[in-house]
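# Architecture and fold: a report
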Amino acid sequence: MSLERLERMLNREQFEKVKAIDNPELHRFLADWIEWLEPEKVFVCTDSEEDEQHVRWKALYYGEEKMLETPNHTVHYDSYHDQARDKANTAILTPGGRKLPFLNTKDRDEGLREIKELMKGIMHGKELFICFFVLGPRNSIFTIPAVQLTDSAYVAHSEFILYRKGYEEFRRLGRAARFFRFVHSEGELDERKTSKNLDKRRIYIDLEDETVYSVNTQYGGNTIGLKKPAFRLTIKRAVEEGWLSEHMFLMRVNGPHGRKTYFTGAYPSMCGKTSTAMMPWENIVGDDLTFILQVDGRARGANVEKGVFGIIQGVNQEDDPIIWKVLHSPVEIIFSNVLVKDGKPYWNGMGIEIPSDGENHSGEWWRGKKDEEGNEIPPSHKNARFTVSLEHFPNVDMEALESPCGVEIGGMIFGGRDADTWPPVREAFGWEHGVITMGASLESETTAATLGKEGVRAFNAMAILDFMSVHLGDYIRNYLDFGRKLKRAPKIFAVNYFLRENGQWLNHKLDKGVWLKWMELRVHNDVDAIETPIGYIPRYRDLVKLFKDVLGKDYTRGDYEKQFTIRVPELLEKLDRVERIYRETVREVPERLFEVLDEERKRLLEARERYGDYISPFALGEKL
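For clarity, every value in this text was computed on a predicted model and none was experimentally measured.

Between helix 1 (residues 2-9) and helix 2 (residues 12-19), whose axes approach to 8 Å, the crossing angle comes to 155 degrees. Relative to helix 2, helix 1 is oriented roughly antiparallel. Considering how the two elements wind past one another, helix 1 and helix 2 form a crossing that is right-handed. Contact with helix 1, carried on its side by Leu3, Leu6 and Glu7, involves Arg12, Phe15, Val18 and Lys19 of helix 2 and no other residues of that element. Among the residues making up the contact of helix 1 with helix 2, the classes are represented as four nonpolar, no polar and three charged.

Structural data, given as structure tokens:
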């Protein structure tokens, strides 16, 4: 029945592509939505280079992208007021609108009714692209098939760069495919080819049908279905099935004698996640999302994606040499919401002189131009992006990226931003201690540049709150259960690159390269450590050698003592803050969480009794 409907709606060539996939559920989904959206024409994308090229060309033909001077570079602009994820109009659809802590939820029936009304006939006169992709490597233990419906060639083009093609996977899996679905329409466009009806912008996540609906928006975080919209679906599926879907980079740290050790890392925004994953002498596997499964008692991870949808602000030749080189190579890149002058892209903080006029996300731009609210418009938006495939990075670990079995994870890192509490690096006593006191206790200070008030500590467990789709207590319970199934659990570490004293940073930007090398040695028990009330910290003698070997720098006793002093009053205040959040806001959490927090509190109080409020690492080291 569904195939007959599709045969009536599609031309012969496109129909044959759909018919080749033996999946009646897919056929029904496509038939229902093509009928509802009423596009003028439909293009079904297979894995062929020709079909991908069709999408690239249509992005230019429809004016959603423009060519730049460098071959294979294009620029895309979103509406001036469509420059980021729309948290207010993004909702998890739950039965009866069941409330979940930290989440925006909406009654499922009401949400589905609203989104269908908004999308009825919305593709009149437009072309619908049906694209097939997979999350995770193809034909692997990590693979999740997904189908994207969109009338934006820019969105489809972005997904071809960011994700592995999945048409042949759908054909291979046939009726066994348990797939995600994404339905997107950019809606009516203005003269600049950007979404017009932003008051009707909606992003609704239906967990029951594993479907995400997105309308009247073009910004990638709202529209690229397999990115953050899919992340909500995978978190729920992971909790149900007992694995982990995480907001984590995946990288290789190179140890002695050619040893390869893989780490994941979760950091809130502006805490050093990208710069850590992109360390020039290490190797990147993924910068954003990681699936972690238990295989033979070991945690194995894989990059969900194959490309980077990265923030471009602040990328410069000195601090980001690898990204800089990629962005200036003639490889396929979509720049979004940057300044363009004479066919060249420019962005804030790039370290070279920026032209005083050009075109940007506001249209024609000149220095000093203001918006309707009187705010001066910068050359590029602070959330301007670049979209590029990881295969173009000189330090990518391609074997790990495409391994159907993923890679064994040796360590997991949780990184926050605070001026006065956590030391630069420490290791947890074990899985439970790390998950609870490092991951589930993660906080990050806001920055003046983004939120106008500096130093406010924002709670952000596992750096995942913005994307959570289940109750946080269930998510933490799954984390703890996952660790119990492992014969060899990854070691867990916490880092903080932002300690300050009298307004001065206590660390240099590149010091993180030393912390990574120390963590790699600890994973293999190559160096010992000092036991503190909050975990293990490095010995001074080991860091002296690492600073010399890695950075060619001398490392003083004074620097070490300032950085690794155990700050008992601040640590106790943090424990109280975190416990209060879990007791008063989250509530339904495993009792083990409170026990572990209390164990840490007792250790800190005992240490304070013996050593005082601020404990030198030398004092602790001498006692062991």
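Strand order in the open sheet formed by five strands is 2-3-19-24-18, and the pairing between neighbours is mixed. Each of the sheet's edge strands pairs with one partner strand only, and the pair in question is strand 2 (66-67) and strand 18 (307-311). In this sheet, strand 24 (residues 385-389) lies alongside strand 19 (residues 333-336) in antiparallel orientation, the contact comprising four bridges. Looking across to strand 24, one finds that Ser336 is bridged to Arg385.

On to the pairing of strand 22 (residues 357-360). The two faces of strand 22 differ: Gly358 and Asn360 on one face are buried, but Asp357 and Glu359 on the other face are not. Pairing of strand 22 with strand 23 (residues 363-366) involves four bridges; the strand directions are antiparallel. Looking at strand 23, one finds that Asn360 is bridged to Gly363. Between strand 22 and strand 23, which pair antiparallel one after the other, the connecting turn spans two residues.

A few words on the confidence of the model for the protein. Chain-level statistics for the protein give a pLDDT mean of 96 and a share of 98% at 70 or above. pLDDT under 50 marks residues 448-452. Its contacts with residues more than four places away, or in other chains, come to five contacts.

Across all of its chains, the model carries 74 salt bridges by this definition. A salt bridge links Glu595 to Arg592, with the nearest nitrogen and oxygen atoms 3.1 Å apart. Of this pair, Glu595 and Arg592 both sit in helix 20 (residues 591-611), three residues apart, which is roughly one turn of that helix. On the basis of relative accessible area, Arg592 is assigned to the partly exposed category, the value being 24%. Its salt-bridge partner being Arg608, residue Asp613 comes within 3.9 Å of it at the nearest N-O pair. Judged by relative accessible area, Arg608 falls into the partly exposed class, the value being 34%. Beyond isolated ion pairs, a larger network of salt bridges with shared partners links Arg5, Glu25, Arg28, Asp32, Glu35 and Arg181.

What follows is about the packing of helix 4 (residues 49-61) against helix 6 (residues 153-162). It is the contact of helix 4 with helix 6, at a shortest axis distance of 8 Å, that shows an interaxial angle of 135 degrees. Comparing their axes, helix 6 and helix 4 come out oblique. Handedness of the helix 4/helix 6 crossing: left-handed. Residue-level inspection shows Glu52, Val55, Arg56, Lys58 and Ala59 of helix 4 in contact with helix 6, the latter providing Ala153, Tyr154, Ala156, His157 and Phe160. Residues that form the contact of helix 4 with helix 6 fall into these classes: six nonpolar, one polar and three charged.

This paragraph deals with the packing of aromatic side chains. Applying the stated criterion across every chain, the model contains 33 aromatic pairs. Ring geometry for Phe231 against Phe467: centres 5.6 Å apart, planes inclined by 45 degrees, an arrangement best described as tilted. Of this pair, Phe231 sits in helix 9 (residues 228-241) while Phe467 sits in the loop between strand 28 (457-459) and helix 15 (472-484), and the two are 236 residues apart along the sequence. Across the pair, Phe467 and Phe231 agree in class, each one buried. The rings of Trp515, Tyr540, Phe547, Tyr555, Tyr560, Phe564 and Phe618 are connected pair by pair, giving a single aromatic cluster. Sitting above the plane of the Trp36 ring, Lys116 keeps its charged end 4.6 Å from the centroid.

What follows covers helix 9. Structural remark: α-helix, 3.6 residues per turn; residues separated by three or four positions point the same way. A rise of 1.5 Å per residue sets the reference length of helix 9, with its 14 residues, at 20 Å; its end C-alpha atoms lie 20 Å apart and thus fit the reference within 8%. With 10 of 14 residues buried, helix 9 lies mostly within the body of the structure. What helix 9 keeps buried is the set Lys228, Pro229, Ala230, Phe231, Arg232, Leu233, Thr234, Ile235, Arg237 and Ala238. The first or second residue beyond helix 9 is Gly242, which carries a positive phi of 85 degrees.

Its place among the elements puts Glu169 in helix 7 (residues 167-173). Taking relative accessible area as the criterion, Glu169 reaches 5% and is therefore assigned buried. When residues no more than four places from it in sequence are discounted, the contact partners of Glu169 are Val134, Arg138, Asn139 and Thr143.

What follows covers the environment of Ile530. Positionally, Ile530 belongs in strand 32 (residues 530-532). A relative accessible area of 4% means that Ile530 is categorised as buried.

Unlike most non-glycine residues, Lys193 shows phi in positive territory, near 65 degrees. Locating Lys193 in the fold gives a position in the loop between strand 9 (180-185) and strand 10 (202-206). Look at Asn337: it is not a glycine, yet its phi comes out positive at around 60 degrees.

Summarising the element assignment, Glu402 is placed in the loop between helix 12 (398-401) and strand 25 (407-416). Each residue touching Glu402, except ones within four places of it in the same chain, is listed here: Pro137 and Arg164. Here Arg164 takes part through its side chain, which lies 3.0 Å from a polar atom of the side chain of Glu402.

What follows deals with the environment of Ser336. Along the polypeptide, Ser336 turns up in strand 19. Note on Ser336: relative accessible area 3%, which makes it buried. With 260 residues separating them in the primary sequence, Ser336 and His76 have C-alpha atoms 4.7 Å apart. If we skip the residues at most four places from it in the chain, Ser336 touches His76, Tyr154, Ala384 and Arg385.

Conventions and cut-offs
- Residues numbered from 1 in each chain as written.
- Predicted model: local features only at pLDDT ≥ 70, side-chain atom pairs only at ≥ 80, totals over all residues.
- Heavy atoms only, no water.
- Axes fitted to C-alpha atoms, helices over the stretch in contact; angles between N-to-C directions.
- Helix = DSSP H or I, 4+ residues; strand = E, 2+ residues; numbered from the N terminus.
- Parallel < 35°, antiparallel > 145°, perpendicular 65-115°, else oblique.
- Left-handed = near helix turned anticlockwise from the far one by under 90°.
- Contact = heavy atoms within 4.5 Å.
- Nonpolar A, V, L, I, M, F, W, Y, C, P; charged D, E, K, R; others polar.
- Pairing = 2+ DSSP bridges.
- Buried < 20%, exposed > 50% of the residue type's maximum accessible area, 1.4 Å probe, protein only.
- pLDDT = per-residue confidence, 0-100.
- Salt bridge = Lys/Arg side-chain N within 4 Å of Asp/Glu carboxyl O.
- Phe/Tyr/Trp six-rings, centres within 6.5 Å; stacked < 30°, edge-to-face > 60°.
- Lys NZ or Arg CZ within 6 Å of the ring centre and 35° of its normal.
- Expected span 1.5 Å × (residues − 1).
- Polar contact = N/O pair within 3.5 Å; in protein donor to acceptor, adjacent residues only side chain to side chain.

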